[in-house]
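Summary of structural features
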Amino acid sequence: MTEAILLVGGKGTRLRPLTVHTPKPMVRAAGVPFLTHQLARARAAGVDHIVLATSYLAEVFEPHFGDGSSLGLHLEYVTEVEPLGTGGAIRNVAARLHSGPDEPVLIFNGDILTGLDIRALVRTHETTGADVSLHLTKVTDPRAYGLVPTDETGRVLAFLEKPQTPEEIVTDQINAGAYVFRRSVIDAIPRGRPVSVERETFPELLSAGAHLQGMVDSTYWLDLGTPAAFVRGSADLVLGRAPSPAVPGRCGDRLILPTARVAPDAKLTDGTVVGEGAYIAEGARVSGSTILPGAVVEPGAVITDSLIGTRARVGERSILTGTVIGDGAIIGADNELRDGARVWCDAKIPAGAVRFSSDQ
């Protein structure tokens, strides 16, 4: 198995304003675009040819990664003119694959951070003779996911929509977003129209008697679809909880990129990342957060579990918890922003304008 498809065309709507100027896979996690971690893990597993299925802001991928040679990969890029869904995107890039009809092709969703043993998934696919093999993971509360029950051999029995009642929760196994397809299965997906592998391709294969194999791997797994999850994933990469050979430095409590400046008495903890050219001023406390390149955190500010966009500024003594500050935004001094707050790119909040406590 030497080639893969990476689905990186999504608009990242749930991550806005992070994705206003940047496609979701290119938002920085642990100091580098998230896609870098996926490419590096695929290369470490023996993959050498990857086709990127792009759509939203497609023009930013190739200037950054080029032909992939710096990562030891051969990268190609295919752009959807109209959104085609997961299955349609896979079919749309099939002409760039080199595999024969019975050979395996690895497929990743571009927003999943995982410790999946990629080689083990491929071995499972080959030893069981499956048409499609799926990475499954177990979750404590599966209500937000589609369920994938399997028999005692791991063969997939059904694909169930998000359960609405306790009786419908027949398993804690969910589709974790990584697959191995027999190449001929990819070629059979309809061309030129939107197709969902989850809602159309997989159920139709199952009803036609195809062999779909599940492999449960419950190592680290996180869907980075929300700002809170993205910030947590970046911190987990820095802390070493999520594995990646692409973290640009040693794992630990903090990661400070070259040209960033941090005052001697500033405190950075819990997997905080400070990007190139950013500045953390004296007395600031930053925990579990991502400070993107060129951002400024002024004296005495306290930032927890948040993401501060490129060239944004957080004013003196402001307190941010679970918030996202868009690129170029300015948060004046003495503001308080709590969980779920999103400040759009280039917005300006005056000093003391938003508070949850007295100004005394």
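Residues numbered from 1 in each chain as written. Predicted model: local features only at pLDDT ≥ 70, side-chain atom pairs only at ≥ 80, totals over all residues. Heavy atoms only, no water.

Some thoughts on the overall build of the chain
Counted only if it meets this: Only DSSP runs of H or I covering at least 4 residues are called helices, and only runs of E covering at least 2 are called strands; the numbering of each starts at the N terminus. As defined in this context, the radius of gyration uses C-alpha atoms, and a globule is described by 2.2 Å times the residue total to the power 0.38. Partly exposed residues are those whose accessible area sits between 20% and 50% of the maximum for their type, while under 20% is buried and over 50% is exposed, using a 1.4 Å probe and protein chains only. Exposure was quantified through the Shrake-Rupley algorithm and a 1.4 Å probe, taking into account, for residues, occlusion by the shown protein chains and nothing else.
Scanning the chain for helices and strands turns up seven helices and 28 strands. The C-alpha atoms of the chain give 22 Å as radius of gyration, which agrees with the globular expectation for 360 residues (21 Å, within 12%). Across its three principal axes, the chain shows a C-alpha extent of roughly 70 × 50 × 35 Å. Across the 360 residues that make up the chain, the buried fraction comes to 55%. For the chain, the computed accessible surface area is about 15200 Å², with 50% contributed by carbon and sulfur atoms.

Brief notes about the sheet that holds strand S15 (residues 272–274)
Which entries qualify depends on this criterion: At least two bridges found by DSSP between two strands is the condition for calling them paired.
Ordered in space as S12-S15-S18-S21-S24-S27, the six strands form an open sheet in which the pairing is parallel. Of all strands in the sheet, those bounded by a partner on one side alone are strand S12 (254–256) and strand S27 (342–343). The pairing of strand S21 (residues 307–308) with strand S24 (residues 324–325) spans two bridges and is parallel. When the sheet's bridge partners are listed, Leu 307 is paired in S24 with Val 324.

Re the sheet that holds strand S13 (residues 261–262)
Strand order in the open sheet made by the six strands is S13-S16-S19-S22-S25-S28, with parallel pairing throughout. Of all the strands in the sheet, the pair left with one neighbour each is S13 and strand S28 (348–349). Examined bridge by bridge, S13 and strand S16 (residues 279–280) share two bridges and lie parallel to one another. What sits directly across from Arg 261, in S16, is Tyr 279.

Here's the deal with the environment of Phe 34
To be explicit about the condition: A contact between two residues is defined here by any heavy atoms of the two lying within 4.5 Å.
Looking at where Phe 34 falls in the secondary structure, it is placed in helix H1 (residues 34–44). When the C-alpha atoms of Phe 34 and Glu 59 are compared, they prove to be 17 Å apart, with 25 residues separating the residues in sequence. For Phe 34, the residues in contact, after removing those within four places along its chain, are Pro 25, Val 27, Ala 29, Gly 110, Asp 111, Ile 112, Leu 113, Leu 224 and Phe 230.

Quick word on the pairing of strand S8 (residues 132–138)
On a regular strand, each side chain points to the face opposite its neighbour's, so the side chains alternate between the two faces of the sheet. When you tally the buried positions in S8, you get six out of seven residues, the bulk of the element. Here S8 pairs with strand S10 (residues 212–216) via five bridges, running parallel. Bridge assignment links Val 132 to a residue of S10, and that residue is Leu 212.

A short note on the pattern of salt bridges
What counts is decided by this rule: Here, a salt bridge means any side-chain nitrogen of Lys or Arg that lies within 4 Å of a carboxyl oxygen of Asp or Glu.
Scanning the entire structure with this criterion turns up 16 salt bridges. The closest approach of N and O atoms between Glu 276 and Arg 28, which form a salt bridge, is 2.8 Å. Pair noted here: Glu 276 is in the loop between S15 and S16 and Arg 28 is in strand S2 (residues 28–29), with a separation of 248 residues, a long-range link. For Arg 28, a relative accessible area of 25% gives the class partly exposed.

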